[in-house]
Amino acid sequence: IFYNLRKNIPLASGLGGSSSDIAGVLLGMKKLFNINEDMASLASKLGSDSVYLLNKGYAVISGRGDKITPVKSDVKLYALVIWDDLKISAKEGYAGYDAEKKKYDSVTFEAVACLTNLDTKFFRLLKNDLQPYAESVLPSLIKKQKALVKAGAECALLTGSGSAVYGLFLTRAMRNYAYRKLKDKYGKYLIKCNTIR
């Protein structure tokens, strides 16, 4: 039996494409072959963040993506992602971060508290410590973030280690309005999505 996988997540864009491939294949195998075993330990061996992607919902993730603390929240957020043919590998992004030798304040638990009932302070707390390096090698990221905010996003940040950026919106209608405003400029590089609770 042969199965084909169709992947729509752009490579080297900081969107967890490889990790989600691993999680998707493992979940598919469980269903196709009636496997009842927990796939978490295998997912952890195969790729960073893959254990988290076996499930859905919000979580605080640490380690190499294998230490997961679920966050209870019924908040649904809508997003636009702008990706690019220009790439930053995760290895390069983290090496650039290490070379800067900067320490950033942690806002994780304050942001989690704001997410639970969606205090709008949540959007001001969001940050990505890999962003300064990414912007130094790909200044076009700054323009994309500004375009998302101008179109109505509550905030706009780098995805993972890059090279995509995302903007968050409170409602589907606001997200779709921004999509229509930005579609002519970004075309196939613009993706609509939302969080999964």
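See the structure above.
Because the structure is a prediction, the values reported are computed rather than measured. (Residues numbered from 1 in each chain as written. Predicted model: local features only at pLDDT ≥ 70, side-chain atom pairs only at ≥ 80, totals over all residues. Heavy atoms only, no water.)

Asker: How do you make sense of the nonpolar core when you look at a structure like this?
Answerer: Soluble globular proteins tend to bury their nonpolar side chains together. In this structure, Leu80, Leu148, Leu182 and Leu190 are the most contacted members of the largest nonpolar core, which totals 21 residues. Elements with a minimum of two residues in this core: strand 3 (78-82), helix 8 (140-150), strand 4 (155-158), strand 5 (165-169) and helix 9 (172-186). The dominant element in this core, judged by the number of residues it contributes, is helix 9, at 4 residues. In this structure, Leu190 is in contact with Leu80, Val81, Ile82, Trp83, Tyr179, Leu182 and Lys183, ignoring residues within four places of it in sequence. (Core = buried A, V, L, I, M, F, W, Y, C linked by side-chain atoms within 4.5 Å. Buried < 20%, exposed > 50% of the residue type's maximum accessible area, 1.4 Å probe, protein only. Helix = DSSP H or I, 4+ residues; strand = E, 2+ residues; numbered from the N terminus. Contact = heavy atoms within 4.5 Å.)

Asker: Sorry if this is basic, but what is going on with the pairing of strand 3 here?
Answerer: Successive side chains on a regular strand alternate, one facing one side of the sheet and the next facing the other. Across the 5 residues that make up strand 3, a large majority, 5, are buried. With burial as the criterion, each face of strand 3 is covered, one bearing Tyr78, Leu80 and Ile82 and the other bearing Ala79 and Val81. The pairing of strand 3 with strand 5 spans 5 bridges and is antiparallel. Opposite Ile82, over in strand 5, you have Val165 as the bridge partner. (Pairing = 2+ DSSP bridges.)

Asker: Can you help me understand the environment of Phe169 in this one?
Answerer: Relative to the helices and strands, Phe169 is located in strand 5. In this structure, the C-alpha to C-alpha distance between Phe169 and Tyr133, residues 36 residues apart in sequence, is 26 Å. In this structure Phe169 touches Leu77, Tyr78, Ala79, Leu80, Leu148, Ala151, Gly152, Ala153, Met174, Arg175 and Ala178, once residues within four positions along its chain are discounted.

Asker: Which parts of the structure should I look at to understand the pattern of salt bridges?
Answerer: If the charged atoms of two oppositely charged side chains come close together, the side chains can form a pair. Inspection of every chain in the model, using the stated rule, returns 3 salt bridges. The salt bridge involving Asp84 is made with Lys144; its shortest N-O contact spans 2.3 Å. With Asp84 in the loop between strand 3 and helix 4 (90-100) and Lys144 in helix 8, the pair connects residues that are 60 residues apart, well separated along the chain. You can call Lys144 buried: its relative accessible area is 6%. (Salt bridge = Lys/Arg side-chain N within 4 Å of Asp/Glu carboxyl O.)

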